[in-house]
Structure formats: structure tokens, C-alpha cells
Amino acid sequence: MTQSGGEFAVEAVENSPRNSGVLSNTDSTLPKQSGNNGGRKRFAFLCSLPAAILMFIFIVLPTIQVFQMSVFKWGGYSPDKTFVGLNNFKILFEDMKFIEAFQNTVLLLVVVTSVTLPTAVIFAAILVQVKVLGSGFIRFILYLPSILSMVIIAAIFSAIYSENDGLLNSVLQVIGLGNLTQSWLGNQSIVIYSVAFAMLWQSCGYYMVMYMSAMAGVDSSIYEAARIDGASRIRQLFVITIPLIWSNIRTTLTFFIISSINLSFVIVRAMTGGGPDGSSEVLLGYLYNQAFDNSQFGYGMAIGVVTFTFSFALSLIVSRVTKREVIQYG
């Protein structure tokens, strides 16, 4: 039977040596693709190797050395070291100054975290979902403190809290609340809260911007459907916004806890020096005093071990407690 022109052309192409060569070349490229994947893996490994080396030298190795030095009695400058085992830790948990510094650190974490992150979420929701006049300027003003040095912020709030000519006491006098004026950094019962407010002012804008970025990725049609169903903006915040950005909130919560332990040392050191009478001292500040001011380096490293263990355990607990199923709207 005579073949049609189309069928003959298809058969000729399939049986042609050129077509066979194309097929064979295609098959031969498969191992080359596998080789390219291996090359990409080696390239990625080589790119990450310098960062891994630096992390080992400046983070992992010093951490190991801190644990090693915590079991010695050492002044920090002399080559003589005396092995004391766990005696540093025994003394540590009987040291009332250390216990007070630990309590102050926990208090700062609880107060600052419980106020900063919810406030940042609220500000972010307002600036993203509500048309506010001058929202760009408001965003800049709220974010500005996060780019300032902690030392500068400490100087600003030291001037604000000044007992004689500070801004806070002056404002209280003007509005007729002169009976509330006091030494905000000299009163042992409130100094830690004065420091906490300075930390809140510094960090709120930074996390607000992070939450605004997360909220910008939420489909606006979800909010439109909620408004049609009669949901208020407050209900939208708790039912739509927070569940959809929960993974971001979890990440920032863990990061904030760790960074607050570090930043509290800087701002306390610059504002109060741990005073009055240790009422604003924090863990890292007490570590610095014992290691460098009192030349008890081994004892200071024991404080460092406790601080590291506490922050690591707290991060794990927070990560476990806040873990929940990721909610997606499609």
C-alpha cells in the first residue's frame, strides 16, 4: 500500500542517521548533567567554607574554651591555673549578687519582650492596612532608634531621666504632676523598668519593619472577604494577620530573646553601670565585673556558661511552645 507523504516523512525522520545521532547525543548528556550537579555542590561547599572556618574560629572554639576555663581558678593574666572542678558553680549559686543579676535579666526579658513584639505587630498592622496621613514619616521616626548605637540611646535616656533637669521630670512639673518626679535611675525599685523602656524604644521600630514586610505578602483579597463578612480590623488582626505571619513572629521572638541578653549589658553599662547597689545589674555585666574588674576570670567564665545554657534552653523552650501548624489561605 502506498504511504502518504506525511507518514513517509515521519518514518524518514525517525530512521535517519542524523536523528539517531541526536537521540544518542541526548542520552549521552545525562551523565554530564549529574556531573554538573556535583560541580555545583562543590562550588557551594567552597563558597560556604570560609564562613564555616570563621564561625569555628570565632564562635565554636571560644565557646569550648569558656567551658574549659569555667572549671579553673584563674586571674586571667597569670599563666598559673588551679583546677577547682565545679567549685565555681557552687559558689555562683550561693552568690546573691549573681542571683540578683539573673533575676534582673529575666525581668528585662519578660517585660521588654511582652511589650515590644505586640507593639511592633500593632504598629505594623496600622501602617500596612490603614491609610494614615504621613505614614512614611511615621515609619521613619519609629525605625530611627534601631539604627542608633546603644551607647547613644543610653546617653539620650540618661538625659531624659535626669533628676534635676531631665525632660521627664520637667514635663511632669509642667502638667501638674510634680509629685511623681523622682530619680528614675537612682531608685532601686524602678531603675530596671527605666532601662526596659529604653530597650523598648530602641527595638520596636526594627521589628515593626520586619512585620510590615511579612504583612505585605498577605493577599489583600483575604481582608476584603473578611470585611464583607463583617469582621472588624481587630478581629482581622487576630484571625488573619497573626496566624499568617506566625512563622515570622516565632523567628523574631527567638532572635529578640538572644539579642536582648546581649544588648541589656551595653545599655545597663552605659546608663547605670549596674547601680544603684546592683539593682540594675544583668548577667553579662556581672560576668564582666568578675572577670575583668575583680580578676576572677574562671569565675566569670562560669557565669558565661550559665548565661549560654540559659539562653540556649530558653530558645528551645520558646521554639517548642510557639510551634504550630503553618496556616495558608489559598
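Check the entry above for the structure.
Predicted model only: the values in this text are computed from it and were never measured.

What counts as what
Residues numbered from 1 in each chain as written. Predicted model: local features only at pLDDT ≥ 70, side-chain atom pairs only at ≥ 80, totals over all residues. Heavy atoms only, no water. Helix = DSSP H or I, 4+ residues; strand = E, 2+ residues; numbered from the N terminus. Buried < 20%, exposed > 50% of the residue type's maximum accessible area, 1.4 Å probe, protein only. Contact = heavy atoms within 4.5 Å. Core = buried A, V, L, I, M, F, W, Y, C linked by side-chain atoms within 4.5 Å. Axes fitted to C-alpha atoms, helices over the stretch in contact; angles between N-to-C directions. Parallel < 35°, antiparallel > 145°, perpendicular 65-115°, else oblique. Nonpolar A, V, L, I, M, F, W, Y, C, P; charged D, E, K, R; others polar. Phe/Tyr/Trp six-rings, centres within 6.5 Å; stacked < 30°, edge-to-face > 60°. Lys NZ or Arg CZ within 6 Å of the ring centre and 35° of its normal. Polar contact = N/O pair within 3.5 Å; in protein donor to acceptor, adjacent residues only side chain to side chain. Lys, Arg positive; Asp, Glu negative; His and termini not counted. Salt bridge = Lys/Arg side-chain N within 4 Å of Asp/Glu carboxyl O.

## Topic: the overall build of the protein
From N to C terminus, the protein includes 13 helices and two strands. Burial analysis of the protein (330 residues in total) assigns 34% to the buried set. Across the protein, the fraction of contacts at a sequence separation of at least 24, relative to all contacts at a separation of at least 6, is 68%.

## A word on the nonpolar core
If you look at the biggest cluster of nonpolar residues, it comprises 52 residues, and the most contacted ones within it are Leu108, Tyr211, Ile267 and Met271. Secondary-structure elements contributing two or more residues to this core are α4 (96-129), α6 (150-160), α8 (191-216), α9 (220-228), α10 (233-244), α11 (246-271) and α13 (297-321). Of the residues forming this core, the biggest block, 14 residues, is contributed by α8. Here Leu108 is in contact with Thr113, Ile192, Val195, Ala196, Met199, Ser264 and Val282, once residues within four sequence places are set aside. Core analysis: the next-biggest nonpolar cluster, separate from the first, contains 17 residues, Leu287, Ala291, Ala302 and Val306 among them.

## Remarks on the packing of helix α5 (residues 135-143) against α8
Two elements in contact, α5 and α8, have axes whose closest approach is 7 Å; the angle formed by their N-to-C orientations is 135°. Of the possible angle classes, the one that applies to α5 and α8 is oblique. For the pair α5 and α8, the contacting residues are Arg139, Leu142 and Tyr143 in the first and Gly205, Tyr206, Met208, Val209 and Met212 in the second. The residue makeup of the contact of α5 with α8, split by class, is six nonpolar, one polar and one charged.

## Remarks on the packing of aromatic side chains
Following the criterion strictly, the structure yields 15 aromatic pairs and no others. Measuring from centroid to centroid gives 5.1 Å for Tyr206 and Tyr207, while their planes differ by 90°, and the two rings are edge-to-face. The partly exposed category is assigned to Tyr206, whose relative accessible area is 32%. Consider the rings of Phe308 and Phe312, whose centres lie 6.2 Å apart with planes at 10°: the pair is stacked. Taken together, the residues Phe308 and Phe312, both in helix α13 and four residues apart, mark about one turn of the helix. Exposure remark for Phe308: the relative accessible area of 39% places this residue in the partly exposed category. For the cation-ring pair, Lys81 lies above Trp74, with the distance from its terminal atom to the ring centre recorded as 4.5 Å.

## Here we look at the side chain of Ser146
Mapping Ser146 onto the fold places it in the loop between α5 and α6. Only 2.6 Å separates the side chain of Ser146 from the backbone oxygen of Tyr143, close enough to count as a polar contact. When near neighbours in sequence (up to four residues on either side) are disregarded, Ser146 contacts Gln202 and Tyr206.

## Focus on the side chain of Glu281
Relative to the helices and strands, Glu281 resides in the loop between α11 and α12 (283-293). The buried charged residue Glu281 lacks any salt bridge partner; its closest oppositely charged side chain belongs to Arg269, at an N-O distance of 5.3 Å. Within the structure, Glu281 has its side chain in polar contact with the side chain of Asn289 (distance 2.8 Å). With residues up to four places along the chain from it excluded, the contact list for Glu281 reads Glu100, Ala101, Asn104, Val268, Gly273, Gly274, Tyr286 and Asn289.

## So, the packing of α11 against α12
Interhelical geometry of α11 versus α12 gives an angle of 65° and a closest axis separation of 8 Å. For the element pair α11 / α12, the angle class is roughly perpendicular. In contact with Ile261, Asn262, Phe265 and Arg269 of α11, α12 contributes Leu284, Gly285, Tyr288, Asn289 and Asp293. Across the contact of α11 with α12, the residue classes tally to four nonpolar, three polar and two charged.

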